[in-house]
Amino acid sequence: MDTPSAPFGPVAVSAELDSRLSRWLWLVKWILVIPHWIVLLFLWIAFFVVTVIAFFAILFTERFPRGLFDFNLGVLRWSWRVSYYSYGALGTDRYPPFSLGPEPDYPARLDIAYPERLSRSTVLVKWWLLAIPHYLVIAFFTSGTHAGWWSCGLITLLALIAGFALAFTERYPRDLFALIVGLNRWVLRVAAYASLMTDAYPPFRLDQGGTEAAGTGRSTNGS
């Protein structure tokens, strides 16, 4: 598993906006991603089970078993790719692969650094008590308390606005793209923290754009 460089923190989310996007394909992507949604339904059930197992492993050993960590990372990567293709961003027309791997050639990527040790005490409260402030924020982004892009929250609304812009102007507004990716980045950071994959508390910060700018706290737009 590739790990992100230190300036990005333990969770690194990047995205590249396709230079040319179909004006009308976004209207039927909800049909095209149905196979992914079916698979992801079962993967997220497994994700929950794995997280419960990891909870007890961390509590007794201070370690998130590497195989279980890689599986949960794979589910988050798969979900991010499907979201980016569909109504979490509409940032690419490249159909997402059915894969838990990193897929470095795909325009939406996610990496989470594997932690050698995790806090036993924090694991008892991070996923519910400590994460509550973030849950309240991302509930507005996604219309739910989980990192789900299938709901009709702010992220989906903004993606649909981008779709209409594509239909009428053949252009995806770059500032809108930066905002959408920034919102998704926030959701994914919280998802990683709440699923016990890191002890680094997610920042209350909207790093906009496709790639996080190392050491600056800013981000750059995808190309």
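The text that follows walks through the structure, step by step, so that each part is easy to find. (Residues numbered from 1 in each chain as written. Predicted model: local features only at pLDDT ≥ 70, side-chain atom pairs only at ≥ 80, totals over all residues. Heavy atoms only, no water.)

## Points about the nonpolar core
So, step 1. Ranked by internal contacts, the top residues of the largest apolar core, which has 59 residues, are Phe64, Trp80, Tyr84, Leu110, Ile112 and Tyr172.
So, step 2. For this core, the element with the most residues is helix α7 (residues 174-194), which contributes 13 residues.
So, step 3. Every residue in contact with Tyr84, bar those within four places of it in the chain, is listed here: Ala15, Glu16, Leu17, Ala89, Leu90, Gly91, Thr92, Pro107, Ala108, Phe177 and Val181. (Core = buried A, V, L, I, M, F, W, Y, C linked by side-chain atoms within 4.5 Å. Buried < 20%, exposed > 50% of the residue type's maximum accessible area, 1.4 Å probe, protein only. Helix = DSSP H or I, 4+ residues; strand = E, 2+ residues; numbered from the N terminus. Contact = heavy atoms within 4.5 Å.)

## A few points about the pattern of salt bridges
So, step 1. Evaluation of the coordinates by the stated rule reveals 9 salt bridges.
So, step 2. A salt bridge links Asp70 to Arg66, with the nearest nitrogen and oxygen atoms 3.3 Å apart. One end of the pair, Asp70, and the other, Arg66, are both in helix α3 (residues 66-85), 4 residues apart, so they sit about a helical turn from each other.
So, step 3. Judged by relative accessible area, which is 35%, Arg66 ranks as partly exposed.
So, step 4. Asp207 is paired through a salt bridge with Arg189; the nearest N and O atoms lie 2.6 Å apart. On the criterion of sequence distance, the pair formed by Asp207 in the loop between α7 and β3 (211-212) and Arg189 in helix α7 is long-range, its members being 18 residues apart.
So, step 5. Among the residues examined, Asp207 registers a relative accessible area of 3% and is labelled buried. (Salt bridge = Lys/Arg side-chain N within 4 Å of Asp/Glu carboxyl O.)

## Some remarks on the packing of aromatic side chains
So, step 1. Overall, the coordinates contain 17 aromatic pairs when judged by the stated rule.
So, step 2. Here a set of aromatic residues connected by ring pairs shows up, and it is made of Phe140, Phe141, Trp186, Tyr193, Tyr201 and Phe204.
So, step 3. Between the NZ or CZ atom of Lys29 and the centre of the ring of Tyr85, over which it lies, the distance is 4.4 Å. (Phe/Tyr/Trp six-rings, centres within 6.5 Å; stacked < 30°, edge-to-face > 60°. Lys NZ or Arg CZ within 6 Å of the ring centre and 35° of its normal.)

## Looking at helix α6 (residues 154-169)
Each α-helix turn comprises 3.6 residues. Residues three or four places apart therefore point the same way.
So, step 1. Taking 1.5 Å of rise per residue, the 16 residues of α6 would be expected to cover 22 Å, and the 22 Å separating its terminal C-alpha atoms lies within 8% of that figure.
So, step 2. Among the residues of α6, Ile155, Thr156, Leu158, Ala159, Ala162, Gly163, Ala165, Leu166 and Ala167 are the ones counted as buried.
So, step 3. Check the buried side of α6 and you find it contacts α5 (132-142) and α7.
So, step 4. Residue Glu170 follows α6 closely and has a positive phi angle near 65°. (Expected span 1.5 Å × (residues − 1).)

## Re the packing of helix α2 (residues 34-61) against α3
So, step 1. Contact geometry of α2 with α3 gives a least axis separation of 10 Å together with a crossing angle of 150°. Every pair of crossing elements has a handedness; the one defined by α2 and α3 is left-handed. Along its contact with α2, which presents His36, Trp37, Val39, Leu40, Leu43, Trp44, Ala46, Phe47, Val50, Thr51 and Ile53, the element α3 presents Leu68, Phe71, Asn72, Val75, Leu76, Trp78, Ser79 and Val82. (Axes fitted to C-alpha atoms, helices over the stretch in contact; angles between N-to-C directions. Left-handed = near helix turned anticlockwise from the far one by under 90°.)

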